[in-house]
Amino acid sequence: METQTEVNPPESSKRASWRLVWIKPRQVIRQWLESSDPGKNMIAISMVAGMIEALNRASTRNAGDDLSLPLLFIAVIAGGGIGGLIMLYLFPAILRVTGGWLGGKGSSSDLRVALVRGWFVPMILIGLLWIPELLLFGSDMFTSETPRIDGSPLLATLFYSLLFMESLLSIWAFVIALKSIGEAHGFSAWKALLTIVIPLAALLGVAMIIGVLSFILNSR
């Protein structure tokens, strides 16, 4: 007689999910959803992912033009950690509602698992690229002027190579996130994309209405 397959995966399998999520995201999410402890390390992972997102935003907005590096990193750690926790609870609530409109069955807790294991984990792994970037380029990563990069053809080549690698990995990480959301809801990645597009379109519509009303009021 066949022995029944164990529902809850061993710890070694859970650790391997950090690697397997890149190639088998649905399997990894299903494994965590059926785990006896799907929320393990969820808060810590969310805070670290929030810090990495804050680093990315600081770099994109050239925050180093206005802040010293120590102050910038304090803001990234504090603001990013809080932002990660907000994302942990806000996004799944939104995705549960919009996914429900499309026939999705996932609960908010299911979608928190999908968000953390299928989006935040890849985000953290991509964020490891910040280690060589900070070592090689330093404050140039946060300022509009980049004397260190501009002064060295080798550093410039490394900079754009890392940027290209990060872009490719980010695109695939987004696909992983869609598959993860789809698994939590029990539908396709295409429907998962709609669960994200719908609230974004709604926010854009509200912003446009406010902008039009503001223009009309100010033009009187």
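Our subject is the structure that appears above.
Each value, and the rule that gives it
- Residues numbered from 1 in each chain as written.
- Predicted model: local features only at pLDDT ≥ 70, side-chain atom pairs only at ≥ 80, totals over all residues.
- Heavy atoms only, no water.
- Phe/Tyr/Trp six-rings, centres within 6.5 Å; stacked < 30°, edge-to-face > 60°.
- Helix = DSSP H or I, 4+ residues; strand = E, 2+ residues; numbered from the N terminus.
- 1 Å grid on protein atoms, 1.4 Å probe; cavity = no way out; pocket = protein on both sides within 12 Å on 5 of 7 lines; lining within 4 Å.
- Points joined across faces, edges and corners; volume = space filled by probe spheres on them.
- Nonpolar A, V, L, I, M, F, W, Y, C, P; charged D, E, K, R; others polar.
- Patch = residues over 30% accessible without salt bridge, like charges linked within 9 Å, V, L, I, M, F, W, Y side chains within 5 Å.
- Areas by Shrake-Rupley, 256 points an atom, 1.4 Å probe, with all protein chains shown as cover.
- Salt bridge = Lys/Arg side-chain N within 4 Å of Asp/Glu carboxyl O.
- Contact = heavy atoms within 4.5 Å.
- Polar contact = N/O pair within 3.5 Å; in protein donor to acceptor, adjacent residues only side chain to side chain.
- Buried < 20%, exposed > 50% of the residue type's maximum accessible area, 1.4 Å probe, protein only.
- Core = buried A, V, L, I, M, F, W, Y, C linked by side-chain atoms within 4.5 Å.

Evaluation of the coordinates by the stated rule reveals six aromatic pairs. Here Phe-91 and Trp-119 contribute two aromatic rings whose centre-to-centre distance is 5.8 Å and whose plane-to-plane angle is 15°, an arrangement assigned as stacked. On the criterion of sequence distance, the pair formed by Phe-91 in helix 4 (residues 69-101) and Trp-119 in helix 5 (residues 108-127) is long-range, its members being 28 residues apart. Ring geometry for Trp-130 versus Phe-142: centroids 5.5 Å apart, planes at 5°, classification stacked.

Leftover empty space is mapped by rolling, across the atoms, a probe with the size of a water molecule. The space that makes up the largest pocket amounts to roughly 540 Å³. Along the walls of the largest pocket sit 29 residues, with Asn-56, Thr-60, Leu-163, Glu-166 and Ser-170 positioned nearest its centre. Looking at the lining of the largest pocket, the elements with two or more residues in it are helix 3 (42-60), helix 5, helix 6 (130-137), helix 7 (147-150) and helix 8 (153-185). By residue number, the principal contributor to the lining of the largest pocket is helix 8, which donates nine residues. Its residues assigned to classes, the lining of the largest pocket comprises 15 nonpolar, nine polar and five charged. Volume-wise, the second largest pocket comes out at about 350 Å³. Of all elements in the fold, only helix 4, helix 8 and helix 9 (189-219) reach the threshold of two or more residues within the lining of the second largest pocket. The dominant element in the lining of the second largest pocket, judged by the number of residues it contributes, is helix 9, at four residues. Residue composition of the lining of the second largest pocket, grouped by class: eleven nonpolar, no polar and no charged.

On the surface, Ile-209, Val-212, Leu-213, Phe-215 and Ile-216 cluster together into a nonpolar patch covering about 500 Å² of accessible area. Position of Val-212 relative to the elements: it lies in helix 9.

Attention shifts here to the environment of Ala-114. Structurally, Ala-114 can be placed in helix 5. In this structure the C-alpha to C-alpha distance between Ala-114 and Glu-34, which are 80 residues apart in sequence, comes to 12 Å. Excluding its chain neighbours within four sequence positions, the residues that come into contact with Ala-114 are Ile-29, Trp-119, Ser-180, Ile-181 and Ala-184.

Turning to the side chain of Thr-143, a few remarks are in order. Structurally, Thr-143 can be placed in the loop between helix 6 and helix 7. Within the local environment of Thr-143, its side chain forms a polar contact with the backbone oxygen of Glu-145, the two atoms lying 2.6 Å apart. Apart from residues no more than four positions distant in its own chain, Thr-143 is found in contact with Asn-62, Gly-64 and Asp-65.

Under the criterion given, the structure shown has three salt bridges. For Arg-26, the salt bridge identified is with Glu-183, shortest N-O distance 3.1 Å. With Arg-26 in helix 2 (residues 25-33) and Glu-183 in helix 8, this pair connects stretches of sequence that are 157 residues apart. On the basis of relative accessibility, which here comes to 16%, the residue Glu-183 falls in the buried class. One network of salt bridges, in which partners are shared, links Arg-26, Arg-30 and Glu-183.

Mapped onto the fold, Ser-214 is located in helix 9. The sequence separation of Ser-214 and Arg-117 amounts to 97 residues, and the corresponding C-alpha distance is 41 Å.

Take empty space enclosed by the protein next. Inspection of every chain in the model, using the stated rule, returns two cavities of 30 Å³ or more. Put simply, the second largest cavity is a space of about 30 Å³. Sorting the residues of the lining of the second largest cavity by element identifies helix 1 (11-20), helix 2 and helix 5 as the ones contributing at least two each.

This part takes up the nonpolar core. Judged by nonpolar contacts, the single largest core of 49 residues is most densely connected at Phe-120, Phe-137 and Phe-142. Secondary structure elements with two or more residues in this core: helix 1, helix 2, helix 3, helix 4, helix 5, helix 6, helix 8 and helix 9. Leave out the neighbours within four places in its chain, and Phe-120 touches Ile-45, Ser-46, Ala-49, Gly-84, Met-87 and Leu-115.

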